[in-house]
Every structure is written in C-alpha cells, then in structure tokens.
Amino acid sequence: MEQKKQNTLSNLVYDIYETPTLIEEHRPLIQPLLIDLVATAPDGFEGMATMINTHISNGLKFKNPKIQKFELESGLLKLKTYFQKINR
C-alpha cells in the first residue's frame, strides 16, 4: 500500500474515531483501502493486516459507541505500528 493511501486510511479512521457521525460518509472511502491493505500486505504481515481490517470493520459495523471507540482505537494503534514496520 503506497504512502498516500496509508495516510488517507489513517486519517479517515481517526476522523471516525473522533466524530462517529462520519461513519456513513467515510465507510465507502475506507472499505477499498482496507481491501488494499490486506491485499498488499508484505510476507509475514498478512495476519496483522487482517487483524487491522477486522478491528476497523467492526468499528464501522457496531452501533454501540463504546464498542465502536474500542474497535477503532485498537485498529488505529495496530495500523500505526503496522505502517512503521512495513515502511522501514
């Protein structure tokens, strides 16, 4: 996943984390980026990319604000670490 897409994904997820009312607006932008994240995961990082996808997708899916926050925060933390590792 190229740097520009990485930044876009991180920013969109962070926007939703901060303002949950943006979920419906950002969902169509995030879904293709998550697919790209998993599809372009380097060897050995496939599991981490899938886990990030699951957390963020769950954050978009659940209606309970506490669960949304938890899932999005988990996804964001893992996403940051993932991008640091693959961009070395």
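Our subject is the structure that appears above.
For clarity, every value in this text was computed on a predicted model and none was experimentally measured.

Calculation rules
- Residues numbered from 1 in each chain as written.
- Predicted model: local features only at pLDDT ≥ 70, side-chain atom pairs only at ≥ 80, totals over all residues.
- Heavy atoms only, no water.
- Helix = DSSP H or I, 4+ residues; strand = E, 2+ residues; numbered from the N terminus.
- Rg over C-alpha atoms; globule rule 2.2 N^0.38 Å.
- Buried < 20%, exposed > 50% of the residue type's maximum accessible area, 1.4 Å probe, protein only.
- Contact = heavy atoms within 4.5 Å.
- Areas by Shrake-Rupley, 256 points an atom, 1.4 Å probe, with all protein chains shown as cover.
- Lys, Arg positive; Asp, Glu negative; His and termini not counted.
- Charge placed at Lys NZ, Arg CZ, Asp CG, Glu CD.
- Core = buried A, V, L, I, M, F, W, Y, C linked by side-chain atoms within 4.5 Å.
- Polar contact = N/O pair within 3.5 Å; in protein donor to acceptor, adjacent residues only side chain to side chain.
- Axes fitted to C-alpha atoms, helices over the stretch in contact; angles between N-to-C directions.
- Parallel < 35°, antiparallel > 145°, perpendicular 65-115°, else oblique.
- Left-handed = near helix turned anticlockwise from the far one by under 90°.
- Nonpolar A, V, L, I, M, F, W, Y, C, P; charged D, E, K, R; others polar.
- Expected span 1.5 Å × (residues − 1).

1. Looking at the overall build of the protein chain
1) Next: On a plain count of helices and strands, the protein chain comes out with four helices and zero strands.
2) Next: Its C-alpha atoms give the protein chain a radius of gyration of 12 Å, within 12% of the compact-globule value 12 Å for 88 residues.
3) Next: Each of the three principal axes of the protein chain carries a C-alpha extent, and together these read 35 × 20 × 20 Å.
4) Next: By residue count, 35% of the 88 residues in the protein chain fall in the buried class.
5) Next: Once local pairs closer than 6 in sequence are excluded, the contacts in the protein chain between residues at least 24 apart make up 61%.
6) Next: Accessible surface for the protein chain amounts to roughly 5300 Å². Of this, 57% is attributable to carbon and sulfur atoms.
7) Next: Averaging the positions of the 11 positive and the 10 negative side-chain charges in the protein chain gives two centres separated by 4 Å.

2. Focus on the nonpolar core
1) Next: Grouped together as the largest cluster of nonpolar side chains are 21 residues, with contacts concentrated most on Leu9, Ile30, Leu37 and Ile56.
2) Next: Sorting the residues of this core by element identifies α1 (3-18), α2 (23-39), α3 (46-61) and α4 (65-86) as the ones contributing at least two each.
3) Next: Non-local contacts of isoleucine 30, meaning those with residues more than four positions away in its chain, are made with Leu9, Leu12, Val13, Ile16, Ile56 and Leu60.

3. Comments concerning the side chain of glutamine 68
1) Next: Along the chain, glutamine 68 turns up in helix α4.
2) Next: In terms of polar contacts, glutamine 68 uses its side chain to reach the backbone carbonyl oxygen of phenylalanine 62, at 2.7 Å.
3) Next: The residues touching glutamine 68, leaving out its near neighbours within four places in the chain, are Pro20, Ile23, Gly59, Phe62 and Lys63.

4. So, the packing of α1 against α4
For any two helices packed against each other, the geometry comes down to the angle between their axes and how far apart the axes lie.
1) Next: α4 packs onto α1 with a crossing angle of 160° between their chain directions and a minimal axis gap of 10 Å. By the criterion of interaxial angle, the relationship of α1 to α4 is roughly antiparallel. Both α1 and α4 take part in a crossing whose hand is left-handed. Here Gln6, Leu9, Ser10, Val13, Tyr14, Ile16, Tyr17 and Glu18 of α1 come into contact with α4, specifically with Lys69, Leu72, Glu73, Leu76, Leu79, Phe83 and Ile86.
2) Next: Considered class by class, the residues forming the contact of α1 with α4 number ten nonpolar, two polar and three charged.

5. Details of α4
1) Next: Between the first and last C-alpha of α4 there are 31 Å, a value that for 22 residues agrees with the 32 Å anticipated at 1.5 Å per step.
2) Next: Along α4, the residues that are buried comprise Gln68, Glu71, Leu72, Ser74, Gly75, Leu76, Leu79, Tyr82 and Phe83.
3) Next: In this structure, the buried residues of α4 make contact with α1, α2 and α3.

6. Notes on the environment of leucine 12
1) Next: Inspection of the secondary structure assignment puts leucine 12 in helix α1.
2) Next: Spatially, the C-alpha atoms of leucine 12 and arginine 27 are 8.9 Å apart, while their sequence positions differ by 15 residues.
3) Next: Filtering out sequence-adjacent residues up to four positions away, leucine 12 remains in contact with His26, Leu29, Ile30 and Leu33.

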